[in-house]
Amino acid sequence: MKKPATAAKPAADTSSDMRDLFSVQLQRLAGLSSRIAALVIPQHFSITVLEWRTLAILDYLGEAPLVRVAKHAGVLKSQMSRLVTNLGKRELIERQPNPEDGRSALLCLSPAGKDLVRRILEDSQTRNEAMLDGLTEDERTQLKALMKRVYANSLGYFSELKKHIPYDQSEDDDHED
C-alpha cells in the first residue's frame with residue numbers, strides 16, 4: 001500500500017475536553033448530516049434513509065447479490081432481505097439470475113429506481129451546498145483533499161491495529177468498490 005504524503009506533524013492538541021478530539025468532531029458532523037438527510041429524504045421522496053442507502057449502493061455497484069449489498073449497508077442479511085422485498089414491490093429494484101450462484105439473485109436498479117437515485121442525488125447536492133456554505137471553492141477543494149488524506153491515514157492505522165489486536169471481522173470492507 002502506497003503511504004500517502006504527509007506534512008510535518010503539528011504539536012499534539014492537549015485539550016482535556018473530549019469534544020475537541022478530531023474523531024468526536026467528525027462523528028458529530030456525520031451524525032448531523034445523517035439527521036438532516038433523515039428529515040429531508042422521507043418527506044421529499046417517500047423513502048426511508050436505509051432504503052435510499054440500499055438504492056445508492058446498487059447504483060454504484062451496478063448489480064450485486066443481497067449479501068454484498070447488506071455488507072455495504074452495514075445491516076444484517078435478514079434486514080436487507082426485507083428492504084429488498086419492499087423495494088421490489090415498489091418496482092425500484094429488480095432481481096436477475098446470478099450466473100455464479102444459482103441459489104442467489106443479483107439485485108439491480110429498475111429504471112424507476114435509477115430515476116429516484118438521480119433525483120435524490122440532486123437533492124443531496126443541494127444539501128451539501130448548504131452545509132458547505134461559507135467556504136470558498138479553494139477551501140472546498142482543500143477540505144476534500146484533506147478528507148481523502150485523513151481517510152487513507154485512518155485506513156492504514158486500522159490495518160496496522162488489526163495486525164496486533166485480535167479482530168473478529170471475517171472480511172472488512174474498508175475500501176470503496
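Please read these numbers as outputs of a predicted model, since none were measured by experiment.

(A) Representation of the overall build of the protein within the structure. Counting its secondary structure elements, the protein contains six helices and three strands. Buried residues in the protein amount to 24% of all 177 residues. Sequence-distant contacts in the protein: of pairs separated by 6 or more residues, those separated by 24 or more amount to 52%.

(B) Representation of helix H4 (residues 77-89) in the model. If you check H4, its first and last C-alpha atoms are 18 Å apart, about what 13 residues at 1.5 Å a residue would give, namely 18 Å. Residues of H4 that are buried: Met80, Leu83, Val84 and Leu87. Buried residues of H4, viewed axially, fall in a sector of 100°; they line one side. Set apart from the buried face of H4 by more than 90 degrees, the exposed residues are Arg82 and Lys89. Looking at the packing, one finds that the buried side of H4 touches helix H2 (49-61), helix H3 (66-73), strand E2 (93-97) and strand E3 (105-109).

(C) Fine view of the packing of H2 against H3. Where H2 meets H3, the closest approach of the two axes is 10 Å, and the angle between their N-to-C directions is 115°. Judged by the twist between their axes, the crossing of H2 over H3 is right-handed. Taken together, the residues of H3 that come into contact with H2 (itself represented by Arg53, Thr54, Ile57, Leu58, Tyr60 and Leu61) are Arg68, Val69, His72 and Ala73.

(D) Spotlight on the sheet that holds E2. With respect to topology, three strands assemble into an open sheet ordered E1-E3-E2, the strand pairing being antiparallel. Either end of the sheet is taken by a strand with one partner, and the two such strands are strand E1 (63-65) and E2. Put simply, the sheet's adjacent strands are angled 35° from each other on average, direction ignored. The pairing of E2 with E3 spans five bridges and is classified as antiparallel. Paired with Ile93 across the strands is Leu109, a residue of E3. Across the sheet, H2 touches E1, E2 and E3, and the angle it forms with E3 is around 100°.

(E) A look at the environment of Leu66. Secondary-structure assignment places Leu66 in helix H3. Since its relative accessible area comes to 14%, Leu66 is described here as buried. Measuring from C-alpha to C-alpha, the distance between Leu66 and Leu107 comes to 6.7 Å, with 41 residues separating the pair along the chain. Not counting residues up to four positions away in its chain, the partners in contact with Leu66 are Lys77, Met80, Ser81, Val84, Ala105 and Leu107.

(F) Region of interest: the pattern of salt bridges. All told, the structure shown has nine salt bridges when counted by the stated rule. Arg103 is the salt-bridge partner of Asp101, the closest N and O atoms lying 3.2 Å from each other. For Asp123, the salt bridge goes to Arg127, with nearest N and O atoms at 2.6 Å. Placement of both Asp123 and Arg127 in helix H5 (residues 111-131) is noted, with a separation of four residues, approximately one turn of the helix.

(G) Representation of the packing of H2 against H4 within the structure. Direction vectors running N to C along H2 and H4 enclose 85°, while the axes themselves pass 10 Å from each other. Here H2 is positioned roughly perpendicular relative to H4, judged by the angle of their axes. Where H2 approaches H4, its residues Leu50, Glu51, Thr54 and Leu55 are matched on the opposing element by Gln79, Met80, Leu83, Asn86 and Leu87. A breakdown of the residues in the contact of H2 with H4 according to their chemical character gives five nonpolar, three polar and one charged.

(H) The arrangement of the side chain of Asn98 in detail. When you line up the elements, Asn98 lands in the loop between E2 and E3. Relative accessible area serves as the criterion here: at 12%, Asn98 is assigned to the buried category. Setting aside residues up to four positions removed in sequence, Asn98 forms contacts with Pro65, Ser104, Ala105 and Leu106.

So, how was this worked out
Residues numbered from 1 in each chain as written. Predicted model: local features only at pLDDT ≥ 70, side-chain atom pairs only at ≥ 80, totals over all residues. Heavy atoms only, no water. Helix = DSSP H or I, 4+ residues; strand = E, 2+ residues; numbered from the N terminus. Buried < 20%, exposed > 50% of the residue type's maximum accessible area, 1.4 Å probe, protein only. Contact = heavy atoms within 4.5 Å. Expected span 1.5 Å × (residues − 1). Arc of directions from axis to C-beta. Axes fitted to C-alpha atoms, helices over the stretch in contact; angles between N-to-C directions. Left-handed = near helix turned anticlockwise from the far one by under 90°. Pairing = 2+ DSSP bridges. Salt bridge = Lys/Arg side-chain N within 4 Å of Asp/Glu carboxyl O. Parallel < 35°, antiparallel > 145°, perpendicular 65-115°, else oblique. Nonpolar A, V, L, I, M, F, W, Y, C, P; charged D, E, K, R; others polar.

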